[in-house]
Amino acid sequence: MNVRTQTIAIIASVSLCLIAGLGLVSQGAVLDGFVTLEEAHIEETLDRVVRTIDLKQEYLAGYGYYLAHCDDISLTMAGEQPAYPNIYPRTGLFEYLDIHYIIVTGEDGSVLSAEGYDPPNEHQLSIPPELYLLHHDLLHQGLDKTAGFLRTGEGPVFAVLTPIETTAGMVTFGRLVDEEWIAALSEETGEVITMTMAVDSDEVVMIARSPDGTEITGSRILSDMQGAPLIRLSVTDDRSIYEKGRLAYQSAFFIIAFLTLLSGMVIYLFLNRSFISRIASLNSQVQEIKGDSVARGSVYLEGDDELAGLATSIEGMLASLDQKQQKVRESEERYRRIFNAAMDPMLLVAIDPDGKPGLICDANQAALSLLGSGYHDLTGMRLSKFFDMEDRTIENGLSIGRFHPISGESVPVEVSMHTFYMNHQPAAVWVARNISERIRVEEERQLSLEQISHNIEQFAIIGDSIRNPLQAIRGYLFLLKEDSMIIEAIDTEIDQIDDQITQLDERWLESENVIRFLRRNNR
């Protein structure tokens, strides 16, 4: 993987890690914030619905206060008027106040007047007994509320009690909590409201989301006037806040991801222009350098930074290497000429770990001619295939052995070995000298010495053979003694012959000493 690919991979990895990290870290924080905002909004909506109900209570309480101070009601309750005036149909009070029940009670809780009416259907309604007992419960059970919801056999009723200060009586308004009342409350608040009979629950506010995640519902338990849980007030809304937040987060995320990728591209372009392209150019220039020499100025980069300095250093290093390589080539050429011009066979042999000669690495022409092999056929073969060691002279480090050519008889050689290290591996140069002629000459010399020795021995035998007859002749001459002059002349000749034989004996002794010297120094 080149530098450009590595840089792209690093920038892409960092960008993806930043994007992924931003997504993982910010998604939970941002979207959780919108979830919290959504829940806060639904709670505020519930509070607003409850405040709307409270306003209804205040409105009915205010109108009850007005009605309680009406002259006709005050006079009737004070006993100054015989009967409670029938003002309900005449005033349309039920429809005006959107109520179903009106009850007027005296100071002791006795019912003075009660009426139930359904304005939309225009028919009378029976009043739930629980409404009649509200004033009595307020007097005797210590109710601390004069407005709220009441559990009745007809269903939950929204009730408001207003005291009549002049007579200590009470005016009670009641409204069934039915679908119409809930629909009117939804229309007034602009929210989707549902009310159901509640089960016992300690939760003040409950938040639930639809399975498809498109709606959120907040619920609150409303207690009756006795403080017992009565109605579950629920408000359902679409998750527009969350969806807007999610869309905003996604938009911001995509923008940040785009900016991150754009920043990565800008960083890559900067690195590519400042470093990568220049490194690639430097690399291509170095790779294009071929041949036996380096052209001056072949490696060059513009600028005055470290890369330009590196290019200059590389060029200097290449020039220095070229000079050294030139010297090495010259040295190798000299070695090759000497190696191939040598009259004696020479082999370059690797040394095995056990110290024995191993593979043949190089051979000169004399070695190829001696072994009758081609260069490529010989190199790479083991030396033991072509050479047997016979003897080793310790004094001069020469080894005697035999080379076995591919064809023909073996050749006796005298080998000198010089070890050294080649590429950190032990090797040796084997210089062999053909000693076939030397062995032949030595063999002939040995035969000659033996023949000379034999001849000298024969000379000794011949001298003895001559000296014995001469002594016999001299003995016979002493016997004759007739002609002294002839005898003297013959005796003189015998002495001369004996002197010659004595000289032959002396020369034989000298020859024996020469032969011993030659034999001693010819070993």
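Our structure is the block above this text.
Scoring rules and cut-offs
Residues numbered from 1 in each chain as written. Predicted model: local features only at pLDDT ≥ 70, side-chain atom pairs only at ≥ 80, totals over all residues. Heavy atoms only, no water. Helix = DSSP H or I, 4+ residues; strand = E, 2+ residues; numbered from the N terminus. Buried < 20%, exposed > 50% of the residue type's maximum accessible area, 1.4 Å probe, protein only. Contact = heavy atoms within 4.5 Å. Areas by Shrake-Rupley, 256 points an atom, 1.4 Å probe, with all protein chains shown as cover. Pairing = 2+ DSSP bridges. Phe/Tyr/Trp six-rings, centres within 6.5 Å; stacked < 30°, edge-to-face > 60°. Patch = residues over 30% accessible without salt bridge, like charges linked within 9 Å, V, L, I, M, F, W, Y side chains within 5 Å. Salt bridge = Lys/Arg side-chain N within 4 Å of Asp/Glu carboxyl O.

1. Focus: the overall build of the protein chain
Each helix and strand counted, the protein chain has 12 helices and 16 strands in total. Counting only residues that meet the buried cut, the protein chain has 36% of its 523 residues in that class. Sequence separation of at least 24 residues holds for 52% of the intrachain contacts in the protein chain that already meet a minimum separation of 6. About 32,200 Å² of surface is accessible on the protein chain, with carbon and sulfur atoms providing 56% of the total.

2. A word on the pairing of strand β9 (residues 215-223)
Of the strand pairs in this sheet, strand β8 (residues 205-209) and β9 are connected by five bridges, and their pairing is antiparallel. Residue pairing in the sheet places Ala208 in a bridge with Thr217 of β9. Count of turn residues in the β8/β9 antiparallel hairpin: five residues, of which Gly213 carries a positive phi of about 75°. One ladder, built from nine bridges, connects β9 with strand β10 (residues 229-238); its direction is antiparallel. Residue Ile221 lies in a different strand from β10, and its bridge partner there is Arg232. Between β9 and β10, which follow one another and run antiparallel, lie five residues, and Gly227 among them has a positive phi close to 90°.

3. Considerations on the environment of Gln285
Note that Gln285 resides in helix α7 (residues 240-287). What makes Gln285 buried here is its relative accessible area of 15%.

4. Focus: the packing of aromatic side chains
Tallying each qualifying case throughout the model produces five aromatic pairs. Between Phe149 and Phe158, the ring centres sit 5.5 Å apart and the planes meet at 50°, which makes this aromatic pair tilted. Phe158 shares its class with Phe149; the two are buried. Judged by centre distance (5.6 Å) and plane angle (35°), the ring pair of Phe158 and Trp181 falls under tilted.

5. A few points about the pairing of strand β4 (residues 147-152)
Taken together, the six bridges between β4 and strand β5 (residues 155-164) define a ladder with antiparallel strand orientation. Considered in β5, the bridge of Gly148 is made with Ala159. In this structure, the hairpin formed by β4 and β5 is closed by a connection of two residues.

6. Some points on a nonpolar patch on the surface
The grouping of Ile255, Phe258, Leu259, Leu262, Met265 and Val266 at the surface amounts to a nonpolar patch, some 600 Å² of accessible area in total. Relative to the helices and strands, Leu259 is located in helix α7. Under the relative-accessibility criterion, Leu259 is labelled partly exposed at 44%.

7. Structural notes on unusual backbone geometry
Even without being a glycine, Asp98 presents a positive backbone phi close to 55°. Secondary-structure assignment places Asp98 in the loop between α4 (93-97) and β1 (101-105). By relative accessible area, which is 30% here, Asp98 ends up partly exposed. Although it is not a glycine, Glu122 sits at a positive phi angle of roughly 55°. As for its placement among the helices and strands, Glu122 is situated in the loop between β2 (111-118) and β3 (123-124). Of the residues examined, Glu122 reaches a relative accessible area of 62% and is grouped as exposed.

8. So, the environment of Thr172
Position of Thr172 relative to the elements: it lies in strand β6 (residues 169-176). Distance in space between the C-alpha atoms of Thr172 and Thr105 is 8.1 Å, their sequence separation being 67 residues.

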